[in-house]
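The chain contents come next:
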Number of protein chains: 2
Amino acid sequence: MSGPSTHARLLRLLRDRGPQSRAELGDLVELSRTRIGAELDRLTELGLIEEAGLAESRGGRRPAVVRINSGLRFAGVNVGATSVDVAVTDGELHVLEHIAEEIDVREGPDHVLGRVTYLIGKLRDQGHLPQLHGLGIGLPGPVSFRDGVPYAPPIMPGWDQFPVRDNLTRELGCPVLVDNDVNVMALGEQHVGVARTSEDFLFVKIGTGVGCGIVVNGEVYRGANGSAGDIGHIQVEEDGPACGCGNLGCLEALFSGAALARAALAVASSGESPFLAVRLQERGILAATDVADALAAGDPVAGRLVREGGRRVGLVLAGLVSFFNPDLIVIGGGVARIGHVLLAEIRSAVYRRSLPLATNNLPLVVSELGETSGVIGAARMISDLVYR
Amino acid sequence: MSGPSTHARLLRLLRDRGPQSRAELGDLVELSRTRIGAELDRLTELGLIEEAGLAESRGGRRPAVVRINSGLRFAGVNVGATSVDVAVTDGELHVLEHIAEEIDVREGPDHVLGRVTYLIGKLRDQGHLPQLHGLGIGLPGPVSFRDGVPYAPPIMPGWDQFPVRDNLTRELGCPVLVDNDVNVMALGEQHVGVARTSEDFLFVKIGTGVGCGIVVNGEVYRGANGSAGDIGHIQVEEDGPACGCGNLGCLEALFSGAALARAALAVASSGESPFLAVRLQERGILAATDVADALAAGDPVAGRLVREGGRRVGLVLAGLVSFFNPDLIVIGGGVARIGHVLLAEIRSAVYRRSLPLATNNLPLVVSELGETSGVIGAARMISDLVYR
């Protein structure tokens with residue numbers, strides 16, 4: 001029922017706005033000079049903030065400036081189906097280092113989390129992590145945020161209910177939070193991306209699968225069991241193709257990185273798309289990126305696949321716009337890099353199918369952050385816990 | 001960023017839990033005895049609370065009990081397409097009087113709001129409203145909550161952007177809030193209905209049209225422009241029948257009170273349903289209630305209409321369950337009175353089409369409050385403003 005504590009408000013202001021004078025902070029949180037002094041002394045004792053010299057005078061004595069302790073370090077980790085990204089940030093969430101390597105999430109949690117702790121160790125050996133104050137990690141599947149475990153994740157065999165949070169906490173000796181990748185990406189967009197001024201927005205990831213991060217009143221909304229945003233399994237065609245979840249005609253069975261790769265293989269094999277037929281012959285395999293290349297080369301069949309997919313995504317989003325009335329929709333994930341043709345089709349379906357009151361001034365844009373959104377969002381997530 | 005004020009927390013506790021001792025209140029809001037005393041003195045001066053004798057001793061002196069001032073009165077009004085309900089409550093939201101009359105919302109705001117002020121005047125003349133401390137009103141269409149005006153409401157010609165809040169405030173001399181009917185009904189379900197312990201739930205009204213009230217973290221969620229929950233215009237059939245909104249295949253064009261009445265007319269005229277053909281001959285007109293009667297009489301065609309409708313509502317709700325992961329869905333509105341056959345079909349579609357994590361322990365129930373939810377919710381809405 002109550003909002004964040006005074007500690008949390010002060011720390012988050014310093015994280016998001018940088019160094020502030022005591023007087024400025026007092027104005028921002030509406031506390032007396034005495035009270036603010038006591039709170040800041042306590043945060044200094046805790047090692048969370050430090051003095052940072054004197055500000056310009058506002059008339060009279062030059063006020064003391066405080067900032068987040070410059071020795072604080074967070075790690076933001078984003079695990080994808082085929083890669084892991086690890087970033088180190090300072091306490092204001094500036095990225096100091098960012099490394100990535102290819103992995104196969106299907107190799108299971110021991111292997112993948114082993115690579116995460118190895119990369120953290122490497123960053124520590126290189127001197128980037130004198131201390132680690134917390135780690136946030138995003139996973140490509142449903143996660144019980146409360147318990148810190150994946151929950152029956154379709155593309156992550158061996159991860160079901162694996163104690164990711166507790167294992168990493170024990171291994172690294174710092175606070176750890178786990179969430180699904182779309183939620184941390186939504187947080188990243190809110191922190192440094194296009195959603196900086198948004199209160200109620202959707203981050204739609206079109207990657208191997210399709211998922212959605214939901215932000216309500218500036219906070220990630222996870223729903224009753226933490227499964228909110230699982231839009232890849234909304235039905236778009238009653239007798240559509242079978243989906244991995246066991247149902248027919250799910251959005252991600254019809255359009256996603258995986259679905260686009262399957263469609264590419266079909267039109268290459270049938271010869272409908274000469275471009276993709278040649279590409280298949282050259283490489284023996286096709287991915288969603290090949291459809292993007294075919295589209296760029298003017299291949300009409302690739303254009304049709306992308307437009308059909310965009311229309312389907314758009315119809316699902318139109319329904320969600322009617323229901324949720326967001327102030328912004330951000331499209332991200334690998335398939336979003338197809339760009340204009342896809343975005344135009346999604347926009348067209350959303351604007352045609354939603355009511356005017358909901359789409360007046362509704363921007364629908366592609367993420368500009370790419371991979372960075374996940375690691376910054378993961379660092380932001382754990383910083384919210386440390387700055388509580 | 002901050003939660004409700006201490007005043008608001010104290011007043012809402014007294015509203016929702018009834019009389020409390022000063023010590024109990026101090027425990028509930030975690031304030032010192034001195035601070036709580038000062039706050040309660042201030043609320044007494046404002047005329048919002050009063051002394052209510054002494055409680056049982058917890059050892060030592062018997063503590064003083066306070067309660068919401070027993071002279072406080074709120075009015076809760078719910079305007080439907082064809083009726084208006086007005087209730088008077090005390091400050092704890094107990095309904096003291098409830099009157100209703102038939103109206104036609106299409107007669108416009110001057111006429112309908114004139115009836116509302118007439119009914120309020122009548123309740124005042126009867127001695128039920130020594131004072132009026134605030135009025136909440138729900139309208140059957142989109143409302144800009146911030147501005148207190150309807151916004152292009154499809155079934156309310158003449159109401160578009162009419163200053164409902166400001167007119168009633170001037171007329172009655174008390175605070176007034178306006179919202180759409182599904183939002184106030186959701187609040188009513190939360191206050192005294194099945195949603196009392198829910199944090200994130202949906203109230204789906206199937207009446208003349210179809211709409212949805214959304215509660216997130218215990219608060220009504222209205223979206224960026226106040227149009228959240230407008231699910232009646234989600235597309236369920238690409239080439240379905242034309243809807244009043246100008247699109248094809250909207251949910252409420254396929255299933256709603258109005259759609260059911262049209263379907264009843266068709267199967268009566270064609271002779272497919274002998275029951276409805278007789279009813280049409282007797283009355284010259286058919287409504288959704290006639291389909292309910294036909295169903296109760298074992299008419300198979302009526303059964304088909306209800307099951308098809310339930311399946312369509314269920315498919316839309318399945319998508320919303322995947323997206324929103326609510327902890328409860330309450331079905332209300334006139335058509336919900338059809339009961340079991342409809343509910344079974346909705347449940348079947350939702351449970352079949354949503355993922356297990358989202359539907360584990362998801363109750364899907366029919367409202368038990370009926371008309372009462374709207375008036376209590378409207379009173380609750382204005383009490384939240386007065387108790388702020």
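For clarity, every value in this text was computed on a predicted model and none was experimentally measured. (Residues numbered from 1 in each chain as written. Chains lettered and ligands numbered in written order. Predicted model: local features only at pLDDT ≥ 70, side-chain atom pairs only at ≥ 80, totals over all residues. Heavy atoms only, no water.)

Concerning the overall build of chain A
Consideration 1: Scanning chain A for helices and strands turns up 14 helices and 15 strands.
Consideration 2: Its C-alpha radius of gyration of 23 Å places chain A within 12% of the 21 Å reference for a compact globule of 388 residues.
Consideration 3: Every one of the 388 residues in chain A was classed for burial, and the buried ones make up 57%.
Consideration 4: Relative to all contacts within chain A whose residues are 6 or more apart in sequence, the contacts with residues 24 or more apart total 59%.
Consideration 5: Accessible surface for chain A amounts to roughly 16000 Å². Of this, 48% is attributable to carbon and sulfur atoms.
Consideration 6: Of the side chains in chain A, 36 bear a positive and 46 a negative charge, and the two mean positions are spaced by 4 Å. (Helix = DSSP H or I, 4+ residues; strand = E, 2+ residues; numbered from the N terminus. Rg over C-alpha atoms; globule rule 2.2 N^0.38 Å. Buried < 20%, exposed > 50% of the residue type's maximum accessible area, 1.4 Å probe, protein only. Contact = heavy atoms within 4.5 Å. Areas by Shrake-Rupley, 256 points an atom, 1.4 Å probe, with all protein chains shown as cover. Lys, Arg positive; Asp, Glu negative; His and termini not counted. Charge placed at Lys NZ, Arg CZ, Asp CG, Glu CD.)

Here we look at the nonpolar core
Consideration 1: Of all hydrophobic cores here, the largest spans 94 residues; its most connected members are A:Leu317, A:Phe323, A:Ile331, B:Leu317, B:Phe323 and B:Ile331.
Consideration 2: For A:Phe323, the residues in contact, after removing those within four places along its chain, are B:Leu202, B:Cys212, B:Ile214, B:Ala228, B:Gly229, B:Ile231, B:Leu320, B:Phe323 and B:Phe324. (Core = buried A, V, L, I, M, F, W, Y, C linked by side-chain atoms within 4.5 Å.)

Things to note about the interface of chain B and chain A
Consideration 1: Between chain B and chain A, the contact holds 47 residues from the first and 47 residues from the second.
Consideration 2: Across the chain B/chain A interface, buried area totals approximately 4000 Å², and carbon plus sulfur atoms make up 58% of it.
Consideration 3: The interface formed by chain B and chain A holds two salt bridges in total.
Consideration 4: Note that A:Arg311 is salt-bridged to B:Glu238, the shortest N-O span being 2.8 Å.
Consideration 5: Remark: the boundary between chain B and chain A carries 24 residue pairs in polar contact (both at pLDDT 80 or more).
Consideration 6: Residue assignment for the side of chain B that touches chain A shows that the elements contributing at least two residues are β12 (210-216), α11 (300-324), α12 (340-353) and α13 (356-359) of chain B.
Consideration 7: If you tally residues by element for the side of chain B that touches chain A, the top one is α11(B), at seven residues.
Consideration 8: Split into classes, the residues belonging to the side of chain B that touches chain A amount to 24 nonpolar, 14 polar and nine charged. (Buried area = accessible area lost by both parts, 1.4 Å probe. Salt bridge = Lys/Arg side-chain N within 4 Å of Asp/Glu carboxyl O. Polar contact = N/O pair within 3.5 Å; in protein donor to acceptor, adjacent residues only side chain to side chain. Nonpolar A, V, L, I, M, F, W, Y, C, P; charged D, E, K, R; others polar.)

Observations concerning the packing of helix α8 (residues 257-269) of chain A against helix α9 (residues 274-283) of chain A
Residues and elements named next belong to chain A.
Consideration 1: With their axes 8 Å apart at the nearest point, α8 and α9 run at an angle of 100° to one another. Taken as axis vectors, α8 and α9 run roughly perpendicular relative to one another. Counted together, Ala264, Leu265, Val267, Ala268 and Ser269 of α8 and Leu276, Ala277 and Leu280 of α9 form the full contact between these two elements. (Axes fitted to C-alpha atoms, helices over the stretch in contact; angles between N-to-C directions. Parallel < 35°, antiparallel > 145°, perpendicular 65-115°, else oblique.)

Here's the deal with the sheet that holds strand β3 (residues 64-68) of chain B
All names here are of chain B.
Consideration 1: The strand order β1-β3-β2 describes an open sheet built from three strands, whose pairing is antiparallel. Each edge of the open sheet carries a strand with a single partner, namely β1 (20-21) and β2 (49-54).
Consideration 2: Examined bridge by bridge, β2 and β3 share four bridges and lie antiparallel to one another. For leucine 54, the partnering residue across the bridge sits in β3 and is alanine 64.
Consideration 3: Contacts from helix α1 (residues 6-17) reach β1, β2 and β3, with the element oriented near 90° to β3. (Pairing = 2+ DSSP bridges.)

So, the relation of the copies chain B and chain A
Consideration 1: It takes a turn of 180° to lay chain B on chain A, together with a shift of 0.0 Å along the axis; the resulting RMSD is 0.0 Å. On the angle and the small slide along the axis, the relation comes out as a two-fold axis.
Consideration 2: An overlap of 100% is found between the interface residues of chain B and their copies at the interface of chain A, pointing to a shared contact surface. (Least-squares fit on C-alpha atoms with pLDDT ≥ 70 in both.)

Let's talk about the domain arrangement of chain A
Residue and element names in this part refer to chain A.
Consideration 1: Along its sequence, chain A is carved into domain 1 (6-68), domain 2 (74-191 + 372-387) and domain 3 (197-367).
Consideration 2: Relative to domain 2, the C-alpha centre of domain 1 lies at a distance of 30 Å.
Consideration 3: The largest per-residue losses of area from domain 1 upon contact with domain 2 belong to Arg12, Arg15 and Ile68, which jointly make up 65% of the total buried on that side.
Consideration 4: Linking aspartate 384 and arginine 15 is a salt bridge whose minimum nitrogen-to-oxygen distance equals 2.8 Å.
Consideration 5: Counting across the domain 1 and domain 2 interface gives four residue pairs in polar contact (both at pLDDT 80 or more).
Consideration 6: Residue assignment for the side of domain 1 that touches domain 2 shows that the elements contributing at least two residues are α1 (6-17) and β3 (64-68).
Consideration 7: Top element by residues in the side of domain 1 that touches domain 2 is α1. It accounts for six residues. (Domains from an automatic or database assignment.)

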